[in-house]
Every structure is written in structure tokens, then in C-alpha cells.
Amino acid sequence: EFLGLQGGGLANVVQENTRGIQAAGLANVVEGDIIGIQASGFANYIQDNVYGIQAAGFANAVEGDLYGIQAAGLANYTDTVMHGAQISGFVNYTEELVRGVQVAPLNLSEKNSGIPIGIVSAIEGIKGAVEVWVSEAKFLNMGLRSGTDYFHNLVFVGAQINDPARWSLGWG
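For clarity, every value in this text was computed on a predicted model and none was experimentally measured. (Residues numbered from 1 in each chain as written. Predicted model: local features only at pLDDT ≥ 70, side-chain atom pairs only at ≥ 80, totals over all residues. Heavy atoms only, no water.)

A. Spatial organisation of the sheet that holds strand S18 (residues 152–160). Within the open sheet, the 4 strands sit side by side as S16-S17-S18-S19. Their pairing is antiparallel. Two strands bound the open sheet, and with one partner strand each, they are strand S16 (129–134) and strand S19 (163–171). Pairs of neighbouring strands in the sheet enclose a mean axial angle of 15°, with direction left out of account. (Pairing = 2+ DSSP bridges. Helix = DSSP H or I, 4+ residues; strand = E, 2+ residues; numbered from the N terminus. Axes fitted to C-alpha atoms, helices over the stretch in contact; angles between N-to-C directions.)

Structure follows, in C-alpha cells:
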């Protein structure tokens, strides 16, 4: 078991459990659990569970459970259960269950008992819906609704019926 602070200009690799902080310019790898913080300029990978924070400029991956926060410029991946928050610039993917918050343009999970905030949130077994409606300002709107049964996202576009040059675009 590694205990302490590990810093590397390029990369850090620990072939067992880690308690502490890993910081690298490019990447961090732990072939076990980590209790602490993993921070890198590009990517982080944990073979088992995370109890803490993963932060990367590009992507984070956890092959077990996440208890804490994943934050990345592009993507986050958790293989089993995510308890906490996934925040990324493009996509969050939890293979089994989300119990927390996902914030990204695209959020994916098999089951979600948390809050997915994004443009599209696809959860297996919960169908998105295409909706069409007319507003009180006489806009004909068309939108895509996705998310959970309790919290959903809506992306829509519309045009005014009597003046098609006036249009609307929204997300909520």
C-alpha cells in the first residue's frame, strides 16, 4: 500500500492501494483503491474504487465504485456505482447506477437515482420523448426530453406561426 504524496512530471503508477495524493503532468494509474486525490493534466485511471477526487484535463476512469467527485475536460467513466458527482465538458458515463449528480452535455447510465443535468441524458429503460407544442406567444415548438422520471432536460427549437422569421431556441 502506498501512503503519502506522489508527484511526477510525466506519470505516476502505483501497483497497489493508495492513500494520499497523486499529481502528474500527464497521467496517474492506481492498480487498486485510492483514498485521496488524483490530479493530472491528461488522464487518471483507478482499477478498483475511488474514495475522494479525480481531476484531469481530458478524462477519468474508475473500474469500480466512485465515492466522491470526478471532474474532467472531456469525459468521465465509472464502471459500477457512482456516489457523488461527475462533471465534464462532454460526456459522463456510469455503467451501472448513478446516485448523485452528473453534469455534462451528454450523461449516460444504466440506472439513475440522481440528477443528470445536460443537453441529453440517456438512461437505459427510460425513453426520451419528442414533444411538439404551441406557446401563448404563438410559437410552434419541437423539443427532445430526456432524463429520469423525476428530473429531465428539454432542448427545443420553435418558430412563430404568423412570422417564421422569429424563432426560439431553448434548454431547460
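What follows continues from the structure just given.
B. Structural context of the nonpolar core. Judged by nonpolar contacts, Val 14, Val 30, Ile 34, Ile 46, Val 50, Val 62, Leu 66, Met 82 and Val 98 together constitute the single largest core of 9 residues. With residues up to four places along the chain from it excluded, the contact list for Met 82 reads Leu 66, Thr 94, Leu 97, Val 98, Arg 99, Gly 100, Val 101 and Gln 102. (Core = buried A, V, L, I, M, F, W, Y, C linked by side-chain atoms within 4.5 Å. Buried < 20%, exposed > 50% of the residue type's maximum accessible area, 1.4 Å probe, protein only. Contact = heavy atoms within 4.5 Å.)

C. Representation of the pairing of strand S10 (residues 75–78) in the model. Residues Ala 75 and Tyr 77 point to one face of S10 and Asn 76 and Thr 78 to the other, with burial holding for every one of them. As paired strands, strand S8 (residues 59–62) and S10 are joined by 4 bridges and run parallel to one another. Pairing of Asn 60 across the sheet is with Asn 76, part of S10.

Keep in mind these numbers describe shape, not what the thing actually does.
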